[in-house]
Amino acid sequence: MRLLAILVLAAAPPLTIHAADDPARVGFIDNVENEAKVVSDESAITAIIGTPVHLNDELRTRQGCPRLKRRQNRPRRGDCGVAMSICAGRWGFSRLPPRIERMEMHVSYRNGIIEAIGNTPLIKLKRSSEETGCTILGKAEFMNPGQSVKDRAALFIIRDALESGKLQPGGTVVEGTAGNTGIGLALVGNALGLKTVIVIPDTQSDEKKQMLRLAGAELIEVPAVPYKDPNNYVKYSGRLAEQLAATAPHGAVWANQFDNVANRQGHIETTAVEIWEETQGKVDGFVCAVGTGGTLAGVSMGLKAKNPDVIIGLADPMGASLYSYYKHGMLKSEGSSITEGIGQGRITANLEGAEIDEAYQIPDAEALPILFNLLSEEGLCLGGSSAINVAGAIRLARDMGPGHSIVTVLCDYGTRYQSKLFNPKFLREKGLPAPDWLNSREPAVPAAFV
């Protein structure tokens, strides 16, 4: 029902307002159409508010009320909490009815970083979409509090450990990680009063190591050795967690992100649901790389529960074994990649039971130009795993043909890899391409002068 009157009465007593000359124009707000209506007849005003009305001597009005010409039910800062009484006062009513309808002001906020994890937007990737004739969308996971998709896994792993009683308040979370999961664990742990101990391969970027220390995690660097080696960072962290569980004042728990299915459950319950709702169910394909397998498996299970026809694709960097597994049924790796945090040589517990329809092997030389174009043309500064993901989405889009909607993951910020990915000297040493704008940064403005 349209609310026409500025004053909304409920069993109001008679109201008399005297006028001197010609009845002045009195404005009434229409909240439905967001525009001021003008009534210049006393009988019309009386009909609206149900009480005899006259206009007083001082009544000087304008057509409409500019301060109420705004979005429906959203008072601006600086307006009176009772927005309707502003106009009533300005327009000379000698007294107000006993009841007025207040315009509610709703305060919206997240209660700490825990509630700020997830609900990231989908961003249309312009160049990739134009080149394929598809709509390629990137889930902006770099907008999480810890600036990566791993915040989701960190939250669900810690929450599961607390709810199951494995982790006590004030306890310690131990994990072996390439960096991002550790950052997520440290930040969530800080918010919940937990300590964090992180084991990381010494080959990972300095930027991630610095962020871990900044977040208060105790950082242990170990040599980068294959998973079969007992001193692999994952196995090392598991042994360390056992020791701390027996000696730390409040105990300790091993996050075990690779084989802890709370990881993929987080993506079933959040990432997949968000993608489905944001695309209104009009998603034809999803593709991303694998580190732990939590994102790919969780989104696969979540989307296929909604629509079994959604195509799920794997984008595998060189040096990983999953492309061979999903294409030929055997774990076999070839080549190498400078990407960090992705590339897997085994079927983790998170991957078990996941339905993967397509697999693509993406060399760094194919992915990096995409990465640089995203920054220079679309303002997206992303890491190497995002480059592999977008390259995989382009491959899937071309296989499916124009007119489809493909979603992938924009995992984290490129600043975490600036010393490598955006370092021309490092790229040249690896035989990888670097854009001209990265090689030579000529000043665009004159030098400073005195």
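Located above this text is the structure these notes cover.
Reading guide: rules and limits
Residues numbered from 1 in each chain as written. Predicted model: local features only at pLDDT ≥ 70, side-chain atom pairs only at ≥ 80, totals over all residues. Heavy atoms only, no water. Helix = DSSP H or I, 4+ residues; strand = E, 2+ residues; numbered from the N terminus. Polar contact = N/O pair within 3.5 Å; in protein donor to acceptor, adjacent residues only side chain to side chain. Salt bridge = Lys/Arg side-chain N within 4 Å of Asp/Glu carboxyl O. Buried < 20%, exposed > 50% of the residue type's maximum accessible area, 1.4 Å probe, protein only. Core = buried A, V, L, I, M, F, W, Y, C linked by side-chain atoms within 4.5 Å. Contact = heavy atoms within 4.5 Å. Phe/Tyr/Trp six-rings, centres within 6.5 Å; stacked < 30°, edge-to-face > 60°. Lys NZ or Arg CZ within 6 Å of the ring centre and 35° of its normal.

Colleague: So what about the environment of Lys304? Which residues, and what values?
Modeller: The topology assignment puts Lys304 in helix H9 (residues 294-306). Sequence separation between Lys304 and Glu355 is 51 residues, and the spatial gap between their C-alpha atoms is 8.6 Å. Side-chain polar atoms of Lys304 contact the backbone oxygen of Pro308, separated by 3.2 Å.

Colleague: Describe the pattern of salt bridges, naming the residues involved and giving the relevant values.
Modeller: Summed over all chains, the structure comprises 15 salt bridges. Of the charged contacts, one joins Arg127 and Glu377 as a salt bridge, the two residues approaching to 2.5 Å between their closest N and O atoms. On the criterion of sequence distance, the pair formed by Arg127 in helix H3 (residues 126-132) and Glu377 in helix H11 (residues 364-378) is long-range, its members being 250 residues apart. Take Arg127: its relative accessible area is 31%, and that puts it in the partly exposed class.

Colleague: Which residues make up the nonpolar core, and what are the values?
Modeller: Counting residues in each nonpolar core, the largest one holds 37 residues, and the members touching the most others are Leu368, Leu371 and Leu427. Breaking this core down by element, the ones donating at least two residues are strand S4 (135-140), strand S11 (358-362), H11, helix H12 (384-400), strand S12 (405-410) and helix H14 (424-429). What Leu371 contacts, discounting residues up to four positions off in sequence, is Leu382, Gly383, Ala387, Leu421 and Phe422. Core analysis: the second largest hydrophobic core is formed by 23 residues, Phe286, Cys288, Ala297 and Ile312 among them.

Colleague: Can you break down the packing of aromatic side chains residue by residue, with the values?
Modeller: All chains considered together, the criterion is met by four aromatic pairs. Their ring planes at 55° and their centres at 5.0 Å tell us that Phe142 and Tyr413 sit as a pair that is tilted. One end of the pair, Phe142, is in the loop between S4 and helix H4 (150-164); the other, Tyr413, is in the loop between S12 and helix H13 (418-421), with 271 residues separating them in the sequence. Among the aromatic residues, ring-to-ring pairing joins Phe372, Phe422 and Trp437 into one connected group. In this structure, Lys235 is placed above the aromatic ring of Tyr227, and the distance from its NZ or CZ to the ring centre is 4.7 Å. Positioned above the aromatic ring of Tyr227, the side-chain terminus of Arg346 is 4.2 Å from the ring centre.

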